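Understanding the architecture of this molecule
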Amino acid sequence: MKTLDEIAGFHGHICPGLALGYRVSELALRELGERDVDEEMLAIVENDSCAVDAVQVMTGCTFGKGNLYFRDHGKQVYTFIRRNTGKTLRISVDWAAPEESPEETDAWKKYSGGDRSKKVLELIHARKSNKIKAIMEAPDEQLFKVSHEPVKAPGGARIYPSLRCSKCGEKTMEPRMRLLGGEPVCMPCSDKAQEGAKE
Ligand SMILES: [Zn+2]
Ligand SMILES: [Zn+2]
């Protein structure tokens, strides 16, 4: 299992979102078995927050491999499916951050207003560390609502032929092309042509 520090190496910083993604992935791996190598597992994520980077590094369900599906619902919900067994795990994050001190609330207000004084930064840093610690130490039941109801798995990653766009000449995956005057063009060129037609 990867550590939070290893994941931060990919993500760039340690933050509460990354810690949540760590906990989500840890549970997914515990329930569904080892990290994905070759698309045996897939993840459906319903947000594009920091947590998703942890999911990618830890579970091996990645954007590039095509077994990470992004549904832009703005929800902290993560569904994992193991393809061969159909076993599903839906994790809904339902966590209340620990109560913060009046000093922390005050520091956050100042920070949001652009204050970068040493005192404010120290409090902001402490506030963040406390959140991360609380997430890493909380039992699963305090962080998540979990269900195993089966979900229809999206199709596997597919490889399509590429054609040259008749406008810019760049190779483009065929199903993503549009027809312009009977010629295949890429989406950016199609959009540009349409904007031009409107003017
Ligand atoms: Zn982050
Ligand atoms: Zn083009």
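Everything that follows concerns the structure shown earlier in this document.
Residues numbered from 1 in each chain as written. Chains lettered and ligands numbered in written order. Predicted model: local features only at pLDDT ≥ 70, side-chain atom pairs only at ≥ 80, totals over all residues.

In this structure, Val-24, Ala-43, Ala-51, Ala-54, Val-55, Tyr-78 and Phe-80 are the most contacted members of the largest nonpolar core, which totals 27 residues. The contact partners of Val-24, leaving out residues within four places of it in the chain, are Ala-51, Val-55, Tyr-78 and Ile-91. Judged by nonpolar contacts, the second largest core, of 5 residues, contains Cys-165, Val-185, Cys-186 and Cys-189. (Core = buried A, V, L, I, M, F, W, Y, C linked by C-beta atoms within 7 Å. Buried ≥ 20, exposed ≤ 12 C-beta atoms within 10 Å, placed from the backbone. Contact = placed C-beta atoms within 7 Å.)

On to unusual backbone geometry. Here the phi dihedral of Glu-39 falls at roughly 65°; this positive angle occurs in a residue that is not glycine. By secondary structure assignment, the location of Glu-39 is in the loop between α2 (16–32) and β1 (41–45). Given 15 C-beta atoms within 10 Å, Glu-39 falls into the partly exposed group. (Helix = DSSP H or I, 4+ residues; strand = E, 2+ residues; numbered from the N terminus.)

In terms of burial, β1 is largely enclosed, as 5 of its 5 residues are buried. In β1, alternate side chains face the same way, and those of Met-41, Ala-43 and Val-45 on one face and Leu-42 and Ile-44 on the other are all buried. The pairing of β1 with strand β3 (residues 77–82) spans 5 bridges and is classified as antiparallel. Each bridged residue has a counterpart across the sheet, and for Ile-44 the counterpart in β3 is Thr-79. Bridge count between β1 and strand β2 (residues 68–70): 3 bridges; the pairing is parallel. Directly across from Ile-44, in β2, lies its bridge partner Tyr-69. Regarding topology, helix α3 (residues 51–59) serves as the crossover connection from β1 to the parallel β2, and that connection is right-handed. (Pairing = 2+ DSSP bridges. Right-handed = clockwise from strand over helix to strand, strands pointing away.)

Functional significance is not addressed by these values, which are geometric in nature.
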